[in-house]
Amino acid sequence: MNQPVEMSMRNRTGIDRSPADSQKMIDAANAYMPSSKGNGSALMDMESGYIQEAEPVGTVAIPGTLKGAAQATIQMLAGRNAEVLVDKLGERLAFERTGTRLYDYFINKCETMHCEAPISIDTLKRFRHEEAQHFRLVANALETLGADSTSQTPGADVSAVASSGVLQVLSDPRTSVDQSLEVMLNAELVDNAGWDLLVKLADEMGLEDMAKDFQVALNEEDEHLMEIRQWYEQCTLKQAGAI
Amino acid sequence: MSVNLFDSKGVSLDKQRMTWKDMVQPPISKLDDEAFTRVRIILTNGLEVEALRFQHLCARMNKDLQVPLAKVRRVEQHQQTTINWLISSDHSPLETTIAYEQVAVEVTAAVAQTEPDPYLAQVYRFGLLEDFDHLYRYSALLDRLEGKDANNILQSHTDIIPGRPTIDEHRAPENDLREHYDRATADTISKLHATTIMAAEYQTHDYYANIGPTYADPVARQLYAEIASIEEQHVTQYESIIDPSETWLEKWLIHEATEVYNYYSCVEQETNPRIKAIWERFLDYELGHFAYVSELFKQYERRDPAEIISQTLPDPMPFESNRDFVRQTLNQEVDMRTSGTQFVDKAQEDQASLDYRQHVNSGGSPSESVAEGYQWMPGTELNRKVA
């Protein structure tokens, strides 16, 4: 079972591990000139060419049939870009759905490792439950707009790519609780900013009921962020022998 | 320990059974395990994939062998899984790519130095300088795309400097073919070398072909496209040095002997005891396969397997840094090119290759762009630029 980070002679990655061989590598790198001159800007030039030709990653699905309630909500958005709201809602929905799975992995790791204070399994289970509720909350919001909550929006897709490393770290049996806490903090920071934006977006677009619901979720997310950040700091300081 | 291929029966095929837990074991540590442990993992994975590939082709052409092939293949499949799953998930695809090129450089260099046939040794040295250049190009990509130092993977065993420039490696197909060894007179080690390097290059091609599109960056996508094309040329080269008049069963027997030889080499040199136990288990499995195929060979061809494979295995393949040999080869042969199956100086290169190269590079060269002005430095080139 994994242990807190330790110092050993086993790490082989740096040049100090093999000074003589490393010096030979350095000497060779200095003696053999690059086959092409320049400062590496060709790489970004090529990237720029592709940026100019690129198509977007995808589009937001058009709502199917707009029923009474949805029609009324859409009318409130007259003159605004509803697709931006739908995209951001889709992004939050996907994040909360994956976030629930992140908590499943983290809780399992903490239980397996018999985590002690400051980490509380009961608190983690509550956070997990709230993430799942937030997922349903956003799904309902999308449905009131007549949008398909099962559709994947571009924001959802890009956000999932961005956070895919978090899941890799949490689902790796070798990672420690401290390492897992760091990526949970990573996820909660982004999640918190996402809810903050959604509250503003709904409010500015005149969707008061939605904004109120989202504010409740944001308050809960504030607590997630605060707790995870504190645990992360305390665990690291404790491990370092600083407290 | 020396291995007598015909006396060591290994584990019989019916006892070669594995569970999913056997196949999915804890992976190696990217940080703490020896680079040559990873080299051995990648090399033997390539051999297992080649075993599956060859045995499927053999089955398509030989009705009578389909059942025996299916039985052996099932085990090879599970061996391949066990080995490939040892690569830990914190290796980015690009870091694994660096490791693949380290395999290509160090194993090809080892083979080139022990190959008794001078022409075949030249073939290996020729391919070596090309894979050596790929390592340099991918190291530049790793530095400039992910901000990482390739030496974290290489562990100071392998230099990061230009080889035969990748831009010059694109050749007309007819200039990638080579002369083959003679099945009747070639040394056993020559047969084992050829199958080993062909397998390694084939899996490298397939790896690049599969992971290339997983990159978002267009330069990375182009670089993988370009180097995958060279790896395909290398497969063409190494495939052609094997005598095409060998029978299907003869080839199957050589494949099994090659696996035995490589696992034997792994057992002899592995530093991680947990991984060594896997090599020992699979050496016994492969000896079992060799014994099984030997019986088929006798039954169908009415010949003695000792006619094509020597009784005692050659000395193990050395898994070690070949820095001095690679540098010497680089200094002497970087300007070597091909004309048909012959190696010539740059000035005599076949026109068909020049024409092909001119066209394929006419829209820009990813291998040149990515390494523009690149010189490896410990801790990435930012160490130099910031300092």
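Right above here is the structure, for reference.
Residues numbered from 1 in each chain as written. Chains lettered and ligands numbered in written order. Predicted model: local features only at pLDDT ≥ 70, side-chain atom pairs only at ≥ 80, totals over all residues. Heavy atoms only, no water.

Student: Give me the lowdown on a nonpolar patch on the surface, citing residues and values where you can.
Tutor: Taken together, the side chains of Leu57, Met61 and Trp248 of chain B present a nonpolar region at the surface, about 290 Å² in accessible area. When its relative accessible area of 38% is taken as the criterion, Leu57 of chain B is described as partly exposed. (Patch = residues over 30% accessible without salt bridge, like charges linked within 9 Å, V, L, I, M, F, W, Y side chains within 5 Å. Areas by Shrake-Rupley, 256 points an atom, 1.4 Å probe, with all protein chains shown as cover. Salt bridge = Lys/Arg side-chain N within 4 Å of Asp/Glu carboxyl O. Buried < 20%, exposed > 50% of the residue type's maximum accessible area, 1.4 Å probe, protein only.)

Student: Before we move on, can you summarise the pattern of salt bridges with the specific residues and values?
Tutor: For the structure on display, the rule yields 43 salt bridges over all chains. As a salt-bridge pair, Lys30 of chain B and Glu95 of chain B come within 3.0 Å of each other at their nearest N and O atoms. With Lys30 of chain B in the loop between helix H1 (20-23) and helix H2 (35-61) and Glu95 of chain B in helix H4 (residues 93-114), this pair connects stretches of sequence that are 65 residues apart. For Lys30 of chain B, a relative accessible area of 13% puts it in the buried group. Overlapping salt bridges bring together Lys88, Glu91, Arg92, Glu96 and Asp191 of chain A as one network. (Helix = DSSP H or I, 4+ residues; strand = E, 2+ residues; numbered from the N terminus.)

Student: Help me get a handle on the interface of chain A and chain B, residues and values and all.
Tutor: Counting residues at the interface gives 32 residues for chain A, matched by 44 residues for chain B. Interface area, chain A with chain B, both sides summed: about 3400 Å², of which 54% is carbon and sulfur. For the chain A face of the interface with chain B, the top three residues by lost area are Arg12, Met25 and Tyr32 of chain A, together amounting to 22%. Linking chain A with chain B are four salt bridges. For Glu34 of chain B, the salt bridge is made with Arg12 of chain A, and the minimal N-O distance between the two is 3.0 Å. Across the chain A-chain B interface, the total number found is 21 residue pairs in polar contact (both at pLDDT 80 or more). Of all elements in the fold, only helix H1 (19-31) and helix H2 (41-53) of chain A reach the threshold of two or more residues within the side of chain A that touches chain B. (Contact = heavy atoms within 4.5 Å. Buried area = accessible area lost by both parts, 1.4 Å probe. Polar contact = N/O pair within 3.5 Å; in protein donor to acceptor, adjacent residues only side chain to side chain.)

Student: Could you give an account of the nonpolar core, with specific residues and numbers?
Tutor: Within the largest apolar cluster, 115 residues are counted, with the highest numbers of intra-cluster contacts made by Leu5, Val107, Tyr124, Tyr138 and Trp279 of chain B. Broken down by element, this core gets its largest block of residues, 13 residues, from helix H5 (residues 118-146) of chain B. Not counting the four nearest positions on each side in its chain, Tyr138 of chain B is found in contact with Leu94, Thr97, Ile98, Glu101, Tyr208, Leu223, Tyr224 and Ile227 of chain B. Ranked by size, the runner-up nonpolar core spans 23 residues in total, among them Leu93, Leu142, Val199 and Leu218 of chain A. (Core = buried A, V, L, I, M, F, W, Y, C linked by side-chain atoms within 4.5 Å.)

Student: A description of the pairing of strand S1 (residues 336-339) of chain B should follow, citing residues and the corresponding values.
Tutor: Side-chain positions along a regular strand alternate between the two faces of the sheet. Residues and elements named next belong to chain B. In this sheet, strand S2 (residues 342-345) lies alongside S1 in antiparallel orientation, the contact comprising four bridges. Within the sheet, the bridge partner assigned to Ser339 lies in S2 and is Gln342. What sits between S1 and S2 in their antiparallel hairpin is a turn of two residues, with Gly340 showing a positive phi close to 60°. (Pairing = 2+ DSSP bridges.)

Student: Just give me the short version of H2 of chain A, but keep the residues and values in it.
Tutor: For H2 of chain A, which comprises 13 residues, the first-to-last C-alpha distance of 19 Å matches the rise-based estimate of 18 Å (1.5 Å per residue) to within 8%. Regarding H2 of chain A, the residues found buried are Ala42, Leu43 and Met46 of chain A. When H2 of chain A is viewed along its axis, its buried side chains cluster within an angular range of 110° and face the same direction. The exposed residues of H2 of chain A that point more than 90 degrees off its buried face are Asp45, Ile51 and Gln52 of chain A. Buried-residue contacts for H2 of chain A involve H5, helix H8 (218-240) and helix H13 (366-370) of chain B. (Expected span 1.5 Å × (residues − 1). Arc of directions from axis to C-beta.)

None of this, on its own, says anything about what the molecule does.
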